[in-house]
Each structure stands twice: as C-alpha cells, then as structure tokens.
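Residue strings, one per chain:
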Amino acid sequence: MLSGGDMLIRALRDEGVECVFGYPGGAALHIYDAIFRQKDVKHILVRHEQAAAHAADGYSRATGKVGTLLVTSGPGATNTITGIATAHMDSIPMVVLSAQVVSDKIGEDAFQETDMVGISRPIVKHSFLVSDPSEIPSIIKKAYYIASTGRPGPVVVDIPKDHTDPSRVFEYQYPESVKMRSYVPAGRGHAGQIKKAVQLLLGAKRPVIYSGGGVIQGDSSELLTELAKKLNFPVTNTLMGLGAYPGTDRQFLGMLGMHGTFEANTAMHHADVILAIGARFDDRVTNTPSKFCPHAKIIHVDIDPASISKTVSADVPIVGAVESVLKDMLSLVNSAEQGTDQEAIGDWWAQIDEWRQRHGLYHANRFDTSGERIKPQEVVQVLHEVTKGDAYICSDVGQHQMFAAQYYLFDKPRRWINSGGLGTMGFGLPAAMGVQIADRDACVVCITGEGSIQMCIQELSTLTQYNLPVKIICLNNQALGMVRQWQDMQYDSRYSESLYEDSLPDFEKLMEAYGHVGITVTQRDDLRSKMEECFAMKDRVVFMNVMVDRSEHVYPMLVAPNGSMRDMLLSKTERT
Amino acid sequence: MRRIVSILMENAPGALSRVVGLFSQRGYNIDTLTVAPTEDPTLSRLTLTTVGDDHKLEQITKNLNKLIDVVKLVDLSDGAHIERELMLIKVKASGAQRAEIKRCTDIFRGQIVDVTSTIYTIQIVGTADKLDAFVQSIGEASILEVVRSGVSGIARGEKVLSI
Ligand SMILES: Cc1cc2nc3c(=O)[nH]c(=O)nc-3n(C[C@H](O)[C@H](O)[C@H](O)COP(=O)(O)OP(=O)(O)OC[C@H]3O[C@@H](n4cnc5c(N)ncnc54)[C@H](O)[C@@H]3O)c2cc1C
Ligand SMILES: Cc1ncc(C[n+]2csc(CCOP(=O)(O)OP(=O)(O)O)c2C)c(N)n1
Ligand SMILES: [Mg+2]
C-alpha cells in the first residue's frame, strides 16, 4: 500500500524515468518527501523552473527519452510555461508534473493557485488533472505514452496536494500497457501512396530530399542516409533536422530556408521532385508559399496529418512514421527494375556543383577573414575542429545560433540541440545541463550570445552543484545581434534598445564567483589556442567570452516579403 | 461555406474546453455548439457549425481529430444529412395578434407551450433557416426573448457515427 506521493515516484521508476528536473514548494512537499525516501529516481534541483523544462527538453533531445520535470503550484507552474511552449513547438516528448492546491480549494483563489491545465492548454499535447490518488499510476502511464508516441509533445499532469497525502494509502500496480480508444498514432504509410512516391523519385531529373526534425525524432537517420546514397540525391536539412544526414558528406547541401545555403535554396527552387520527410514547411523555410518550388511535385511524409498540406499542398501525401515509410521506400527502390535517370541526375549534380562554386557556404570563403577582428563564423569553425565535430552543441537564439547551424557540420543526429519553433533565448544553458546529465562523459557545449546567456544564467549554480562541466562559448558582439541585423537592414541602423551601453558583467569574475573558469578572447591569433585550453579542462565549466566583430550579419538571407526560395541576400552588397 | 461537424468525444472534464480552445487559438469561429452525453455515458456527442473554405475546414477537422479526447469526427455537410434546431420564443400576444400568431405557429408546425393573457411562448423545431424565417414572420416588434439550442445533426441512411 502506497500513498499518492509514493505511487507517483514509484510509477516514474517503473516507467524507467532516471531523473527529474525540478524545484520544490508547498503543494509539492508530499512528493518531495517521497523523493527523499527512495534512490531510484534522481532529482536535479535547478535554479528556476523555466530551466527545469529546458533541461528536461535537452535531455530528451539528446537521448530520445521523455524528459520529466516536477514543480510546485502557482508560480512554480507558471514559470515552466516558456519551457513547455518551446518543447511543444519542436515536438519534444516531455512530462510536466505540477503540484496543485488541495482539491477542495481549487477555484477559491487559494494560496498559490493557478489553473495550470487551463493556462497550458494551447501548448501541450494533452493534460490531466488527477481527481483521485488511485488514478495516479494509470495517468502516469498514459502521460508517457501520449508524450512519446505519434507526433511527440509535452503532457501536463496536475496533482492536487491532498492526492499525495502520506496518510492515505492505496494498492499500487503499474499498468503494463495502455490502450486508448481516442488516441491511435499513425503507423505505416499507405502502400499505394508510397509506391506512387517511389515512381516519382525514380523518374526525377532534379530531385531534392528535404528532411526535418521528424527524421531525428523518428531515429531514422541511417535509413534516410541509405535512401539518399542509393538514389544519389542531394539532401538538405531544416534547422531542426541538422545531423539527420551527415553534414560533411558530398551529397549534403547544408540547411535550407531563411538562413539556408545558396545551393540548398536554389536547388529547392529548381527541383522537379521534392521528398519532404519529417518536415513541416515552416515559414522560415518556404518564404512566400505561393512562390515555393514552382516546378516541383511534392511528396510529404509526416506522422501528423495536420502537418500535411497545411501551408504548401502535397502532391503525394503520406501519413506515417518516417522509419516505416523509409523502409518501405527502400525496399521498393531496391527491387525496382529500372533505377534513376543517371544522366539527368549527373547533370543536376553538375548544376549544383556550379552553384556551390559560385556562392557555396562551405566551398568558398563566405566571410571576410582578412581583417584583425574575430569573425563569429570562424569561432564556430575552430570549435568544430577542436571538438572534432563530435560535441553536443546546445544553442541559444540569435545570430550565434545561425552561425552554429551553418558552420558546425553535424555528422550525427541528436547533437544539435536548439529551440527552432519558438526561438527561446535562455534555452541553451539549461538544455546543455540536461544533455550533460544524460551523458556525463560527453563533450557538451552551449553556444550563446551575451544576450541569451543572461536569460538563464542562474543555472551556473546548478552546474556547480552537480559537477556538470559544460563549455560555454559566448559569441560576444555586445548587442542583441539578430535584432541589430534587422535594424541595419530595415530601420536604417536605428538601434532601438538592442545595445547595453557598457552594462555587461565581467564574465570572468562572474564565472569565478560560481567556481568556474572564465576566458576572454580578444585577439584573432589567440582563438585556437584558447579554445584548446578551454576544452583541455575536461572537468571544469569554462566560459569563453569571445569578442567578435559586431558588424557581422548572417547571410544568406531570403528576401521577404514576396520572395521565392532563390531570392537571397548573399552579403551586405550582393543579392541573387 | 457553412459546415456541420459532429464529434464523438470522451465525456471527461476538460474535453469541451479543448475543442472550444482549439477554435479560438487558431482563429476559427464557432457559430453554434451543442453537446450532451450519448447512450453510452462515457461518450459525448458534440455538434458544431462553422463557416470556412475547404482548406480551412480541413485544417479544423485535422486539428480536432488530433485532440486526445476526440474519438471520432464527421463533417455532416459532406453528405446527405438531417439537421434540427430547437427554438423557444416568447412573443407579445394580445387582442387580434393572438389569432395571427397562432396561425403563423401552425404554419411553421410549432407549438404554443405557455400562455398568459398577453404572452405566448412558442416552441419550434427545424433547420436553422426555418427558425430564421419564423422569427422574421413574427416581426421584431413582437419578440420578447429568443432561445435557440444550436444545430444538431445526423447523417441520412445507413451511415452512423459510433465507435
Ligand atoms: C532565429 C531563427 C532562424 C531560423 N531560421 C531557419 C532557417 O533558416 N531554416 C530552417 O529550416 N529553420 C529555421 N528556423 C527554425 C524554424 O522556425 C522551424 O523551427 C523549423 O524550420 C522547423 O523544422 P522542421 O520542418 O524540421 O519541423 P519540426 O518542428 O522539427 O517538426 C517535425 C515534423 O516532423 C513530424 N514528425 C515527428 N516525428 C515523426 C516521425 N516519427 N515520423 C514522421 N514524422 C514525424 C512532425 O509531425 C512535424 O511535422 C529558425 C529559427 C530561429 C529561431
Ligand atoms: C525570450 C526571447 N526574447 C526575445 C527574443 C527576440 N530575439 C531574437 S534573437 C535576439 C537577440 C539575441 O542576442 P544574443 O543572445 O546576444 O545573440 P546574437 O544575436 O547577438 O548572436 C532577440 C532579442 C527571443 N528570441 N527570445
Ligand atoms: Mg549578442
């Protein structure tokens, strides 16, 4: 016989949850006492509930497991909202356990009461309000099932304090399986549609594979790579899909979209067949939807029917999990009597190589390296070399995020961890924390700006408490750089509230205060050696404050409004 | 175009607010909404009417289907169907008006369900158009109060919405 609080923690253990990120408070105290009395589920005490959500999110992105957080009612719950919305936009599986005031006080404006189920409703996949302690095991089972299957997403479980009361005990049994009549996630794709798609692919003369976060979520990078190799088709990834196809491979065109490469965007525009897989035709990708890929027949594979034909209509829609659809496609391709049109594909590659020579991000120097100043792009390149391209890169939001996406060539999935859909500044450091918890021996990097890092900087203390040797690389351009870039481009360089007027902290001293190491780099010549020094300190948190060229913009950049995917600014003076 | 969407959903707390929330959150509008438990008390049947083009409606139905509480959904306007709405209407009825209103009620096959010396309360069932027509023929000047249930609908023939 167990109390509600004990059942909750036991259920987490039986679900295989290894760690919970959280922060205690009144309504959660019975649960925290249950945590104290066991050893199976580890608790990580963050410094702000938003960070608990981002850490659970980072943990999930790196491992594919469901991230879990536990917070108290009222302010504890509301502090998680940005983190839940971040996970929701990027379809990250997460379970949020929020304590609630005692059930008979709900609705009375009780101390620390907020309607968590109501406030989180638009940003969750589903939510539960526990109405009796005996429901706890089955609700937990359902919560993890819903969060992790189909299109993944966050699930909130709101638990009134009285339902965790140690004085009331219940028979505990964790359900072995769940079946819900109202929730049946898509499995295999329609065989006829897949056949049609493969015929289109085999007949294509200018194909592009456009893959997204769904391939990473669906753990199907190898299948994707196999299909692309077999067909010899070019591949581009969305910001969320980076690492699904090896970044250093010849067939990889780089990221597409707003800050995608010249070759990826131009190839998309001229393509005759596009295989969109686990990608959702986001507005950062399509530019003007009516001008998107005017010559292409579009095959769209997605587990969520609501993603298909939402902004761009698909010629061959396939609702299904990437893994099974890719397997089915591969077996059809392998058994096809006639292969691809090799001559046409050869011509297509010649054209793409010509684009690469002209403006390619990786093949020509796309930024000026002749001056004294440190270019942010170069910092990412050096980071790539020093970490041998094998680190987890957790990013904040801004120019540094785009430079990292463009210049750190990800060869493996789940190594690039960033907030794409919501674009949440402050995500990077707590996410890195979650990744380091998941893999204590891994090289975990937080790439950030001096703006973003200050949004969750309190977590430096959590890093101390749990010995998490995250390396923080700050591309310090002394500005809200991404905002400033837009102000340069659209507001005649009127820098309204995007500068700090010499108010930045002394980051070295700040790191020292937390027991960490701070390194400042101002000279270009020192960059590599300081970076090596930073990564040689394996057991320490190191903050590298790299003073970069403030005037640098992120290019290419799609021309908006009314542009197509081939309309790009290539530098401050060139456009297509 | 006007659409009638019928939904079978879990009769659970919060289910209705998720359906309604989805509309406001995505900028869709609900014109009418009715909901009640079915013969199986664990299920509710919800009927709503909305206006939108095909693309918009497709998005609405896909997103409704995604809600965990929604078990099944059908767009009744896709096929032959029966729709009904109930109206209770309180009107001024004195003197010569009384006979006139009674006649009108008969023509629309309504019933007078409550009477005072100066007031009739009329119940009338039909399509939304029919109810509109009745309101118009009574005339605004005589109407004291109108209550409409919102549209309920069911497919014609063999088609059923059940699990
Ligand atoms: C400053 C900034 C700039 C940005 N610039 C760009 C840019 O230049 N280029 C760019 O691409 N993005 C950019 N983004 C990110 C952009 O906003 C979107 O987050 C991103 O494009 C969405 O990626 P996605 O299409 O891969 O979809 P995701 O959000 O990753 O969604 C995944 C899709 O796959 C489906 N799915 C999930 N699991 C499975 C499965 N197992 N099987 C099948 N389907 C599955 C889901 O239903 C969903 O439709 C930028 C963001 C920021 C903050
Ligand atoms: C929480 C939050 N607030 C505001 C924004 C808008 N925004 C996007 S990028 C950016 C500037 C980021 O500055 P910094 O972290 O220094 O990165 P940089 O662009 O300079 O590399 C801002 C304010 C955001 N994405 N998130
Ligand atoms: Mg900055």
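All of these numbers come straight from a predicted model, not from anything done at the bench.

Draft legend 1. Representation of the pattern of salt bridges. Tallied over the entire structure, the rule returns 39 salt bridges over all chains. Among the salt bridges present, the one from K65 of chain A reaches E18 of chain A, with a minimum N-O distance of 3.3 Å. Here K65 of chain A is found in the loop between helix 3 (49–63) and strand 4 (67–71), whereas its partner E18 of chain A is found in the loop between helix 1 (4–15) and strand 2 (19–23), with 47 residues between them in sequence. Using a relative accessible area of 38% as the deciding quantity, one classes K65 of chain A as partly exposed. According to the relative accessible area criterion, E18 of chain A is partly exposed, its value standing at 44%. For R3 of chain B, the salt bridge is made with D75 of chain B, and the minimal N-O distance between the two is 2.8 Å. Here the residue R3 of chain B occupies a position in strand 1 (residues 2–10), and D75 of chain B occupies one in strand 4 (residues 70–75), the gap between them amounting to 72 residues. Exposure class is identical for R3 of chain B and D75 of chain B. Each is buried. Here the residues in one salt-bridge network are R373, K375, D549 and E552 of chain A, joined through shared partners.

Draft legend 2. Up close: the site of ligand 1. Residue and element names in this part refer to chain A. Among the 35 residues in the neighbourhood of ligand 1, the closest are listed as G213, T238, H259, R280 and D302. A distance of 3.0 Å separates an oxygen atom of ligand 1 from a polar atom in the backbone of G420. The contact in question runs from an oxygen atom of ligand 1 to an N or O atom on the backbone of G421, over 3.1 Å. In isolation ligand 1 exposes 990 Å². Once the protein is present, 95% of that is buried. Among the secondary structure elements, those contributing two or more residues to the shell around ligand 1 are helix 9 (213–217), helix 12 (283–286) and helix 16 (399–407).

Draft legend 3. Summary view of the site of ligand 2. All names here are of chain A. What surrounds ligand 2 is a group of 18 residues, the closest being Q399, G423, E450, S452 and G481. Interatomic distance of 3.4 Å between a backbone N/O atom of M425 and a nitrogen atom of ligand 2. Here an oxygen atom of ligand 2 and a backbone polar atom of A479 are 3.0 Å apart. Considered on its own, ligand 2 offers 590 Å² of accessible surface; in the complex 77% of this is hidden by protein. For the shell around ligand 2, the secondary structure elements donating two or more residues are helix 16 and helix 19 (481–490). Ranked by the residues each element gives to the shell around ligand 2, the list is headed by helix 19, at three residues.

Draft legend 4. Local environment of the UniProt feature "domain: ACT" (unreviewed entry) in chain B. Cross-referencing UniProt, the feature "domain: ACT" (unreviewed entry) maps to residues 4–78 of chain B in the present numbering. When the span residues 4–78 of chain B is considered, its composition is 32% helix and 37% strand, and the gap between its end C-alpha atoms is 9 Å.

Draft legend 5. Fine view of the sheet that holds strand 19 (residues 517–521) of chain A. Residues and elements named next belong to chain A. The strand order across the open sheet built from six strands is 16-15-17-18-20-19, with neighbouring strands paired in parallel fashion. If you trace the sheet from one side to the other, it starts and ends with strand 16 (416–417) and strand 19, each paired once. Sheet analysis places strand 18 (residues 471–476) next to strand 20 (residues 542–547), joined by six bridges and oriented parallel. If you follow K471 over to strand 20, its bridge partner there is V542. Against the sheet, helix 20 (residues 507–514) engages strand 18, strand 19 and strand 20, with an angle of about 165° to strand 19.

Draft legend 6. Looking closely at the domain arrangement of chain B. Residues and elements named next belong to chain B. Each assigned domain of chain B is listed with its residue range as follows: domain 1 (2–79) and domain 2 (82–152). Contacts between domain 1 and domain 2 engage seven residues on the former and six residues on the latter. The largest share of the area that domain 1 buries against domain 2 comes from R2, T32 and T34, three residues that together contribute 61% of it. On the surface where domain 1 and domain 2 come into contact, there are one salt bridge.

Draft legend 7. A look at the pairing of strand 9 (residues 152–155) of chain B. Residue and element names in this part refer to chain B. Every second residue of strand 9 is oriented toward a common face, the buried set being G153 and A155 and the non-buried set S152 and I154. Bridge count between strand 5 (residues 81–92) and strand 9: four bridges; the pairing is antiparallel. Residue pairing for strand 9: E83 is matched across the bridge by G153.

Draft legend 8. View of the coordination of the magnesium ion (ligand 3). Residues and elements named next belong to chain A. Protein-derived coordination of the magnesium ion (ligand 3) comes from E450 (OE), E450 (OE), N477 (OD1) and A479 (O), at a distance range of 2.1 to 2.7 Å. Between the six donor atoms coordinating the magnesium ion (ligand 3), the angles at the centre fall across 50 to 179°, so the site counts as irregular. For the magnesium ion (ligand 3), the single-chain donor residues occur in sequence as E-x26-N-x1-A. Taken together, the residues span a long stretch of sequence, with E450 in the loop between strand 17 (444–448) and helix 18 (460–466) and A479 in the loop between strand 18 and helix 19 at a distance of 29 residues. Since its relative accessible area comes to 1%, E450 is described here as buried.

Draft legend 9. Structural detail: the environment of K310 of chain A. Looking at where K310 of chain A falls in the secondary structure, it is placed in the loop between strand 13 (297–302) and strand 14 (316–319). Separated by 88 residues in sequence, K310 of chain A and G398 of chain A have C-alpha atoms that sit 27 Å apart. Excluding its chain neighbours within four sequence positions, the residues that come into contact with K310 of chain A are H55 and Q59 of chain B.

Draft legend 10. Expanded view of the side chain of S120 of chain A. Residues and elements named next belong to chain A. By the secondary structure assignment, S120 is in helix 6 (residues 116–120). Here the side chain of S120 touches M116 through a polar contact of 2.7 Å, landing on its backbone oxygen. Leaving out residues up to four positions away in the same chain, S120 has contacts with I81 and V156.

Draft legend 11. Representation of helix 20 of chain A. Capping of helix 20 of chain A at its N-terminal end is provided by D506 of chain A; its side-chain oxygen lies 3.0 Å from the backbone amide nitrogen of E508 of chain A. Just downstream of helix 20 of chain A lies G515 of chain A, where phi reads positive at about 90°.

Conventions used here
- Residues numbered from 1 in each chain as written.
- Chains lettered and ligands numbered in written order.
- Predicted model: local features only at pLDDT ≥ 70, side-chain atom pairs only at ≥ 80, totals over all residues.
- Heavy atoms only, no water.
- Salt bridge = Lys/Arg side-chain N within 4 Å of Asp/Glu carboxyl O.
- Helix = DSSP H or I, 4+ residues; strand = E, 2+ residues; numbered from the N terminus.
- Buried < 20%, exposed > 50% of the residue type's maximum accessible area, 1.4 Å probe, protein only.
- Near = heavy atom within 4 Å.
- Polar contact = N/O pair within 3.5 Å; in protein donor to acceptor, adjacent residues only side chain to side chain.
- Areas by Shrake-Rupley, 256 points an atom, 1.4 Å probe, with all protein chains shown as cover.
- UniProt positions renumbered as here; feature names shortened; annotations may be inferred.
- Pairing = 2+ DSSP bridges.
- Contact = heavy atoms within 4.5 Å.
- Axes fitted to C-alpha atoms, helices over the stretch in contact; angles between N-to-C directions.
- Domains from an automatic or database assignment.
- Buried area = accessible area lost by both parts, 1.4 Å probe.
- Donors = N, O, S within 2.8 Å, 3.2 Å for Na, K, Ca; no water.
- Tetrahedral: all angles 85-135°; square planar, octahedral: opposite > 155°, others 65-115°.

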